[in-house]
Every structure is written in C-alpha cells, then in structure tokens.
Amino acid sequence: MESVSATKKTFVGTVVSDKMDKTVVVSVSSKKKDQKYKKIVSFRKKFKAHDEENQCGEGDTVRIIETRPLSKDKRWNVVEIIEKAK
C-alpha cells in the first residue's frame, strides 16, 4: 500500500461500473443532518478512478485517493480493494 499523505482525500465506496479500460466508477455514500429540519439525508456521489491492472469488478468495495488529473473526468486512484464482490 502507498503512503497516504494527510492532505489528500480518501473515500471508501462501491464499484458500480468496470466497463472502461483501466477506469472504474466508484459510488461513495454519506449521510448528513439537515441544518434546518434536523433530518438525516443520504448523499451519493460517483467518482471515476484509475485502476491500472483492471483488478476491480462490479460490486467490489474499494478505497480511492485524490490524485492529479489523469483525464477529463478522472482525478482519483484506486489504492486497495477492501472486499471482493461475491
């Protein structure tokens, strides 16, 4: 595993697409309390991440880290596969 700098963001999410070459789409979910109504709201954001060896498959849980822009949409790198899909 690479050494992780304190200034780079990391997220844990689920791979929702692995159809592209060396790229996966990772869905990251988070929950936040609404300031006015105090209701907990779920958010989901998709990130395109670089997967050099095409090891990730749909449904895998992965950790991604912020990196330099690799293409128009790709600014994240897959650091590790936490759990493979069954």
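Structure first, text after, so check above.
In this report, the structure presented in the accompanying data block is examined. (Residues numbered from 1 in each chain as written. Predicted model: local features only at pLDDT ≥ 70, side-chain atom pairs only at ≥ 80, totals over all residues. Heavy atoms only, no water.)

## Describing the nonpolar core
So, point 1. Membership of the largest hydrophobic core is limited to 11 residues, which are Val15, Val24, Val26, Val28, Phe47, Ala49, Cys56, Val62, Ile64, Trp76 and Val78.
So, point 2. Those elements giving two or more residues to this core turn out to be β2 (23-33), β3 (40-50), β4 (61-66) and β5 (76-83).
So, point 3. Of all the elements, β2 adds the most residues to this core, at 3 residues.
So, point 4. If near-sequence neighbours (up to four positions away) are discounted, valine 62 is found in contact with Phe11, Val12, Gly13, Val15, Val26, Cys56, Val78, Glu80, Ile81 and Ile82. (Core = buried A, V, L, I, M, F, W, Y, C linked by side-chain atoms within 4.5 Å. Buried < 20%, exposed > 50% of the residue type's maximum accessible area, 1.4 Å probe, protein only. Helix = DSSP H or I, 4+ residues; strand = E, 2+ residues; numbered from the N terminus. Contact = heavy atoms within 4.5 Å.)

## Concerning the sheet that holds strand β1 (residues 10-17)
So, point 1. The mixed closed barrel is built from 5 strands, whose spatial order is β1-β2-β3-β5-β4. In this sheet, adjacent strand axes meet at a mean angle of 45 degrees when their direction is disregarded.
So, point 2. As paired elements, β4 and β5 share 6 bridges and run antiparallel to each other. What sits directly across from isoleucine 64, in β5, is valine 78. (Pairing = 2+ DSSP bridges. Axes fitted to C-alpha atoms, helices over the stretch in contact; angles between N-to-C directions.)

## Things to note about the pairing of β5
So, point 1. Two strands pair when backbone bridges link them, and β3 and β5 are joined in this way by 2 bridges, in the parallel orientation. Bridging across to β5, histidine 50 finds its partner in asparagine 77.

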